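Here is how the chains run, residue by residue.
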Amino acid sequence: MPAHAIAAVVYKPTDNIEALLAQAARELAARGVKLGGVLQHDIAGVIDDPCAMELENLETGESIPLSQELGRGSVACRVDPDALARGSVAVRGAIERGVDLVIINKFGAQEVSGAGLRDEMAETVLAGVPLLTAVGERFLDDWKAFTGGEGVLLLPRLEPILAWWDQRKAP
């Protein structure tokens, strides 16, 4: 698979990467790109839970709660393993149904440790489907090791993401 079939938006903690990827997904879908994958969103308005998150299945629009309740007084962010499994099923199903592009919210701490949606990222690329994700600056070396240095790194703005996609379609 050509290196340009893998793109990672490199971001800083101050970048609103979730909103950027959601904006890119909306723009690409409006152009007729058949999307698969999952995006992470904070759940606004959840009182006393700064870690309340959900995954959005880009193919169906389904929301998958990503945070699990660990009980009163818990201060840790709590990724629900069942939600990750459902996200995995969403990505794998999208690949099987022949989407044009898979977007997976990020290559983060879970993926660095060998968990999260790391395997689904690899399966996407091995299936010949372009992959778009985001990588925090602190995980950039891990990303490069994971991809063998393949792919392109993009600035955290909409224009470079859309230009990357347009270049893939150019003759």
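Quick caveat, the model's predicted, so the values are computed rather than measured.

What counts as what
Residues numbered from 1 in each chain as written. Predicted model: local features only at pLDDT ≥ 70, side-chain atom pairs only at ≥ 80, totals over all residues. Heavy atoms only, no water. Core = buried A, V, L, I, M, F, W, Y, C linked by side-chain atoms within 4.5 Å. Buried < 20%, exposed > 50% of the residue type's maximum accessible area, 1.4 Å probe, protein only. Helix = DSSP H or I, 4+ residues; strand = E, 2+ residues; numbered from the N terminus. Contact = heavy atoms within 4.5 Å. Pairing = 2+ DSSP bridges.

Val-102, Ile-104, Leu-131, Val-135 and Trp-143 are the most contacted members of the largest nonpolar core, which totals 27 residues. Among the elements that take part in this core, helix α2 (residues 81-96) stands out by supplying six residues, more than any other. Among all residues touching Val-135, those that are not within four sequence positions of it are Ala-8, Val-9, Val-10, Tyr-11, Phe-107, Leu-140 and Trp-143. Core analysis: the second largest hydrophobic core is formed by 24 residues, Leu-21, Ala-22, Leu-101 and Ile-103 among them.

This part covers the pairing of strand β3 (residues 53-57). Here β3 shows a clear split, with Met-53, Leu-55 and Asn-57 buried on one side and none of Glu-54 and Glu-56 buried on the other. Alignment of β3 against strand β4 (residues 63-65), held across three bridges, turns out to be antiparallel. Looking at the pairing, Glu-54 lines up with Pro-65 of β4. The turn joining β3 and β4, which pair antiparallel and follow one another in sequence, is formed by five residues; a positive phi near 85 degrees is taken by Gly-61.

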